[in-house]
Structure formats: structure tokens, C-alpha cells
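# Geometric and topological summary
Listed below are the residues making up each chain.
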Amino acid sequence: MSDFANNIKNTALLEIKNLNLSFGGIKAVQNVSFDLKENELLGLIGPNGAGKTTVFNMISGFYRADSGDILFQSKNVVKKINDLKPDAVNKIGIARTFQNIRLFGQLSVLDNVQLALQQRAPIAWFDSIFRTKKYLQTELDLKNESLELLKIFSLDVLSNEKASQLSYGLQRKLEIVRALATKPKLLILDEPAAGMNQTETDDLKKLILFIKDHFNLTVLLIEHDMKFVMSICERIVVLNRGEKIADGTPTEIKKNNSVIEAYLGKRSVANV
Amino acid sequence: MINAMMALGLNFITGVANQFSLGSAGFIALGAYTSAVLTKEFFHAWYLIPLTALIGASVSGLAGYLVSIPSFRLKGDYLAIVTMGFAEIVRVIFLNWNYVGAARGYNGIMKWPDFSWAYFVTGSFLILTFTILYHLKISCFGRNLWALNEDEIAAEVMGTPVARSKRTAFMISSFFSGLAGAMYAHHLGYISPGSFGFLMTVNVLIISVLGGLGSMSGSVIAAAILTALPEVLRSLPTGDIDIRMIVFPILLILMMILRPQGLFGRKEIWDTK
Ligand SMILES: Nc1ncnc2c1ncn2[C@@H]1O[C@H](COP(=O)(O)OP(=O)(O)O)[C@@H](O)[C@H]1O
Ligand SMILES: [Mg+2]
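### A few points about the packing of aromatic side chains
Residue and element names in this part refer to chain B. Going through the model one piece at a time under the given rule, you end up with 16 aromatic pairs over all chains. Each ring, one from Tyr33 and one from Phe196, has its centre 6.0 Å from the other, and the planes form 55°; the classification is tilted. One end of the pair, Tyr33, is in helix H2 (residues 24-43); the other, Phe196, is in the loop between helix H8 (162-188) and helix H9 (198-211), with 163 residues separating them in the sequence. No difference in accessibility class separates Tyr33 from Phe196, as the two residues are buried. Taken together, Tyr33, Phe94, Trp97, Tyr99, Tyr184 and Phe196 form an aromatic cluster joined through their ring pairs. Seen from the ring of Tyr106, Lys40 lies directly overhead, with NZ or CZ sitting 4.7 Å from the centre.

### Considerations on the domain arrangement of chain A
All names here are of chain A. Per the domain assignment, the segments making up chain A are domain 1 (1-93 + 184-272) and domain 2 (103-181). Distance between the C-alpha centres of domain 1 and domain 2: 28 Å. Contacts between domain 1 and domain 2 engage 19 residues on the former and twelve residues on the latter. Between domain 1 and domain 2, roughly 1200 Å² of surface is buried when both sides are summed, and carbon and sulfur atoms account for 73% of that area. Counting the contacts that link domain 1 with domain 2 gives zero salt bridges. Taken together, domain 1 and domain 2 are joined by three residue pairs in polar contact (both at pLDDT 80 or more).

### Overview of the interface of chain B and chain A
Counting from both sides, the interface comprises 26 residues of chain B and, opposite them, 30 residues of chain A. For the pair chain B and chain A, the two sides together bury roughly 2600 Å², of which 63% comes from carbon and sulfur. For chain B, the biggest contributors to the area lost against chain A are B:Arg143, B:Val157 and B:Met158; these three give 28% of the whole. Run the count over chain B and chain A and you get three salt bridges.

### What to know about the packing of H2(B) against helix H3 (residues 49-71) of chain B
Residue and element names in this part refer to chain B. Packing of H2 against H3 brings their axes to within 8 Å, and their N-to-C directions diverge by 140°. The angle between H2 and H3 falls in the class oblique. Taken as a pair, H2 and H3 cross one another with a handedness that is right-handed. Facing Phe27, Leu30, Gly31, Thr34, Ser35, Leu38, Thr39 and Phe43 of H2, the residues of H3 in contact are Ile49, Thr52, Ala53, Ile55, Gly56, Val59, Ser60, Ala63 and Gly64.

### Focus: the pattern of salt bridges
Applying the stated criterion to the full structure yields 18 salt bridges over all chains. A:Asp83 is the salt-bridge partner of A:Arg64, the closest N and O atoms lying 3.7 Å from each other. Note that A:Arg64 is positioned in the loop between helix H2 (52-59) and strand E4 (67-74) and A:Asp83 in the loop between strand E5 (77-80) and helix H3 (86-92), a separation of 19 residues in sequence. Using a relative accessible area of 49% as the deciding quantity, one classes A:Asp83 as partly exposed. Among the salt bridges present, the one from B:Arg143 reaches A:Asp111, with a minimum N-O distance of 2.9 Å.

### Here we look at the packing of helix H6 (residues 140-150) of chain B against H8(B)
Residues and elements named next belong to chain B. At a minimum axis separation of 10 Å, H6 and H8 run at an interaxial angle of 110°. Here H8 runs roughly perpendicular to H6, going by the angle between their axes. In the packing of H6 onto H8, the handedness of the crossing is left-handed. Packed against H6, whose contacting residues are Phe141, Asn144, Leu145 and Leu148, the element H8 presents Val162, Ser165, Lys166, Thr168, Ala169 and Ile172 at the interface. For the contact of H6 with H8, the class distribution of residues is six nonpolar, three polar and one charged.

### Observations concerning the site of ligand 1
Residues and elements named next belong to chain A. Close contacts around ligand 1 come from Phe23, Ala28, Pro47, Asn48, Gly49, Ala50, Gly51, Lys52, Thr53, Thr54 and Tyr63, and that covers them all. Contacts to ligand 1 include Ala50, whose backbone N or O atom sits 3.2 Å from an oxygen atom. A distance of 3.1 Å separates a nitrogen atom of ligand 1 from a polar side-chain atom of Tyr63. Coverage of ligand 1 by the protein chains reaches 64% of its 560 Å² of free accessible surface. It is H2 that contributes the most residues to the shell around ligand 1, three residues altogether. Its residues assigned to classes, the shell around ligand 1 shows five nonpolar, five polar and one charged.

### Quick look at a positive patch on the surface
Among the surface-exposed residues, A:Lys75, A:Lys79, A:Lys91, A:Arg120, A:Lys185 and B:Arg164 lie close enough to one another that they form a single positively charged patch. For A:Lys75, the position within the fold is in the loop between E4 and E5.

### Details of the pairing of strand E9 (residues 235-240) of chain A
Residues and elements named next belong to chain A. With five of six residues buried, E9 lies mostly within the body of the structure. Examined bridge by bridge, strand E3 (residues 41-45) and E9 share four bridges and lie parallel to one another. Bridging across to E9, Gly43 finds its partner in Ile236. Sheet topology places E9 next to strand E10 (residues 243-248); five bridges connect them, and they run antiparallel. The residue bridging Ile236 from the neighbouring strand is Gly248, located in E10. The turn linking E9 back onto E10 is made up of two residues, and Arg241 within it adopts a positive phi angle of 45°.

### Looking at the side chain of B:Ser173
All names here are of chain B. Within the fold, Ser173 resides in helix H8. Using a relative accessible area of 5% as the deciding quantity, one classes Ser173 as buried. Excluding anything up to four places from it in sequence, Ser173 contacts Gly9, Leu10 and Ile13.

### Some remarks on the nonpolar core
One finds A:Leu174, A:Leu187, B:Phe12, B:Ile191 and B:Phe196 to be the most contacted residues of the largest nonpolar core, which totals 130 residues. For this core, the leading source of residues is H8(B), giving eleven residues. In this structure, A:Ile16, A:Leu19, A:Ile81 and A:Ile94 belong to the second largest nonpolar core, which totals 30 residues.

### A look at the coordination of the magnesium ion (ligand 2)
Residues and elements named next belong to chain A. The protein atoms that coordinate the magnesium ion (ligand 2) are Thr53 (OG1) and Gln99 (OE1), at distances spanning 2.0 to 2.2 Å. Of this pair, Thr53 sits in helix H2 while Gln99 sits in the loop between strand E6 (94-96) and helix H4 (109-118), and the two are 46 residues apart along the sequence. Since its relative accessible area comes to 28%, Gln99 is described here as partly exposed.

Rules used in this analysis
Residues numbered from 1 in each chain as written. Chains lettered and ligands numbered in written order. Predicted model: local features only at pLDDT ≥ 70, side-chain atom pairs only at ≥ 80, totals over all residues. Heavy atoms only, no water. Phe/Tyr/Trp six-rings, centres within 6.5 Å; stacked < 30°, edge-to-face > 60°. Helix = DSSP H or I, 4+ residues; strand = E, 2+ residues; numbered from the N terminus. Buried < 20%, exposed > 50% of the residue type's maximum accessible area, 1.4 Å probe, protein only. Lys NZ or Arg CZ within 6 Å of the ring centre and 35° of its normal. Domains from an automatic or database assignment. Contact = heavy atoms within 4.5 Å. Buried area = accessible area lost by both parts, 1.4 Å probe. Salt bridge = Lys/Arg side-chain N within 4 Å of Asp/Glu carboxyl O. Polar contact = N/O pair within 3.5 Å; in protein donor to acceptor, adjacent residues only side chain to side chain. Axes fitted to C-alpha atoms, helices over the stretch in contact; angles between N-to-C directions. Parallel < 35°, antiparallel > 145°, perpendicular 65-115°, else oblique. Left-handed = near helix turned anticlockwise from the far one by under 90°. Nonpolar A, V, L, I, M, F, W, Y, C, P; charged D, E, K, R; others polar. Near = heavy atom within 4 Å. Areas by Shrake-Rupley, 256 points an atom, 1.4 Å probe, with all protein chains shown as cover. Patch = residues over 30% accessible without salt bridge, like charges linked within 9 Å, V, L, I, M, F, W, Y side chains within 5 Å. Lys, Arg positive; Asp, Glu negative; His and termini not counted. Charge placed at Lys NZ, Arg CZ, Asp CG, Glu CD. Pairing = 2+ DSSP bridges. Core = buried A, V, L, I, M, F, W, Y, C linked by side-chain atoms within 4.5 Å. Donors = N, O, S within 2.8 Å, 3.2 Å for Na, K, Ca; no water.

Structure below.
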């Protein structure tokens, strides 16, 4: 028994094996493999169009891989999650944010979080229609729990505002809080720093490190801004044109020739 | 009151869940015919109308559920087309079905013994419809619908069972459309396929939109206004011209320009914020 448990400790929380996906003729992701240990903060970088978001969409259940495996460890059992739908992927413990913010803009800040939270405590219709004691109690608990979560991020004072009324930086933050409300083990963030200024980026850096500790999370971070990733990730995987070209610590990545080429190559094209 | 019930049914699926349905008349017809046939052929007692009405509503609800299974694989406009097609199929079936009078219509449906009973039972059903739909709107289930209304992809990622919620909402909406249909049948005592045409759906839709998509009290108030207005206009001394045909469209156009979100938007009349 103890042997078995040990064995599992050593396996990765998330393991991507030989993933492939083509859109028509475009090979968006080719033979990509990497893994994520528990409590790790892994960066996935690469120039625009490298296939980062596509990998994310396969993990979170929006695209089905042409071939390859996505394995996730849940309750000490390793499961293949290739074929799960997005809501099932979330239930198993993976939450994500989007490259383009996708909040429920017309709903309040509180409702955005409560929506995520309530999926864990489904209420029977009967109770909703008749507003039974049990229903009202559950609603109140959900509300308080949401407010507590918002408070950690100083968003509780804005709980009644429409989500669309928040500033860009706060919307990003709220999207992360909403993802956290689904109580994930793995949080995947798609270019959270995109469109942010320097102060906002610095705040975001602190925020990511804080939630990783506070909620005991494993984080997979997509960015195309090298500097940002270098400064917070323990390990980095680099994609270029759908293929993995490097995997290592920030210092290793900085010295890697093919990485420099991929990024510089892009810059020289942009300069022409 | 009956118009209000019809509008509430549609408003729940189109206003709250943002699934644009054009099948109201079909579900209303199913409830109407079911309840009418049950009282006339089997139960023969007016005090059993509430029971047959609920059976009629259930038939509609079930039909709604069945229609929703393939429909929600499609998005947006397709749902409107499928539900419109469904309503047309229902109408054509009743049009050719001799047992229910085919094109001649179905006559001699059990009616209420007097006005006060009619008002009492219809009113009670309206209150029931309103209360249930309003409570669902502000419940966790409603929150799921509001979320998928705005962004299905994000809702799914948050673990919302999007497809199942839509099917449930559609079933609930069809159920109450059917209940309204039953009230309609017993109120008039006569129904024919002609009354369940596309025009009925349009009427119901206008009430929902005017009251505000997502506002339950808005639907009730808009139904009251739109039902009373023709009566008021009829009493105007306008000679031969049917002034309703002029005032009505002008009113709708003004409404679209001044308050495109309807009287109450998605709020209720008592909501302050
Ligand atoms: N749904 C799609 N249909 C067709 N091509 C797509 C689709 N999604 C992504 N692609 C293509 O796949 C490649 C990788 O895109 P993406 O994963 O978004 O890159 P990144 O997130 O690294 O910038 C691009 O060439 C893009 O045009
Ligand atoms: Mg991307």
C-alpha cells in the first residue's frame, strides 16, 4: 500500500504525451509532450501562433486531440481526460482563464464568483421553487463564501458592481478569482498579462505567487512576454510553430539557441 | 391573464436563458388540445379542469424536452427555425386530425360554470406560473441560465452543465406555455388550428419584448397593457377607420426607439438597482 502511494506521489499532476492537432492543413500542435509536478509553476511560452492556446483548449476540453494523451491525477488516480467536456474537466479540478477576458459582464461581481462556487453544491428544483429553509441557507452560505473569497483580493467592496464596469486590471483579477472559486488543483492562465501596463503586471506577478501558495495550487501559465515568465516560473516549456523546442529552467532557456532564434527570428521579420 | 401566462413561458427561455424560441404557439396548442380532449371525452367535470390543464402542460413540457434534445446541438438562429418548424408541425397535425375536428376546430370544450370561477382558477395559475418562474429566475438555476445567456463557453469552463440547463429551461418554459394553452381552451370553449398560427407566437413575443426580456413582472404588465389597449382604442370615436392598426405599430416603434430593452429590461418592477 505504501509503495503504491509513493509511486503515485512521483507521478505528475498533469502529463501531456505526444499531443497532435491540425486545423485543416495547419499543424497547430505537433507531438508536444511535457508534464507538471504538483505545486509547480510552469510557463508555456512561444511567439504568437505557436500553438499555446490550442494546447490549453485541448486540456480544458474544447478541442479534441487528433492523437496523444492528456493524463491528470485526481484523488490519487491517474485519469485520461482527452475526451472530457469542459464542465467535466472543471469538476475534476482544472480551472482556466481566457486570453480574451470572458466574464459575465451584466452579472454582478458577486454573481460571477457565486456562479462558479455553486456548481459544487447543486440545489434541487423543489427547494429553489419553494425557497425552502435549506435553499435559503445554502444561498446564504454560498454568498458568504463568495464574499470571503472576494475579500482576499479586496474585491468585496465592489461585489454589487456589474463585472463589465470594472477596470481592465480588475477584470483580469476577477476572472482569476472566479476560476479559483471552482476549487481547482490546477489553474491554467492564458496570457494574463496581455494588455497590462507595468504596475498592473507587477501586481499580477504578486497575485499569481500569492494564490499559488495560499490555495496550494499548481499553475500553468501561458505568456508570450518572456521577461514576465522568466521572472516567476520555475520551469519553462517553449513552443514554436506547434513544436516543443525547449524545456528547462529560466537560465537554461535564456541560453538556448533555438529559443533565441525563434524569438529573434520573429523580431527580424517584424523589423522588415 | 392568459396572455401574461403565455408571455411568461416564453420569457423564461428567451429572456433569461437567451435561447430564441419561436415555437410558443405549438406548445400552447398542445396544452390546449390535450386539456380540451380530456375534459370533453373522459372527465366531463369542470372542477377537474385544473387537473387536465396540468396534464396538458405536462404533455407540452415533455414535447419541449424532446424538441430541445436535438435543438441545443444547434446554436442561435437555428433554434428559432427548429422551434418554428415544430409549431408548424403541431398545427398541421391538428389541422388534419378528424378526431379533434381538423380544420373545423374543436367545439364544445368544457367551460367554467361562471366568471368568478374562471377568474379564480386562471388567476391562481397565473400567480403560480409567475411565482415559480420568478423564483427560478433568482435561484442558482437562474444564475446558471444568466451565465450561459452571456457566455456559454465561460459558463461551461466554470462547470455549469450548459446543455442540461438549457434543456431543463426549455422544458419548464414549454410546460407553462401548455398551461396557458389549457386556460385559453377552457376560457373560449372552442379552439381551432387557425388560432395557433405564427401570429400567436408573434403576439406572445411582442409582449415579452415590450415588458423586458428577463423581467417576469414586465411580461405581466405588458400583457395587461396590450390586452387593455385595443379595448380603450375601440371606444374612441374614429368612424370607419380602425385606429388600433395605426396606434399599435406606432407605439411599438416608439418603444423600440426609446426603450429597446423593454419596459423593465431584465429587472422586476420592485427591483431598485
Ligand atoms: N479554431 C481554429 N481553427 C483554425 N486554426 C486555428 C484555430 N485555433 C488556432 N488555430 C491556428 O493554430 C495556430 C496556433 O494558434 P494558437 O494556439 O492560438 O497560438 P498561440 O496561443 O500560441 O498564439 C495558429 O496558426 C492559428 O491560426
Ligand atoms: Mg493564444
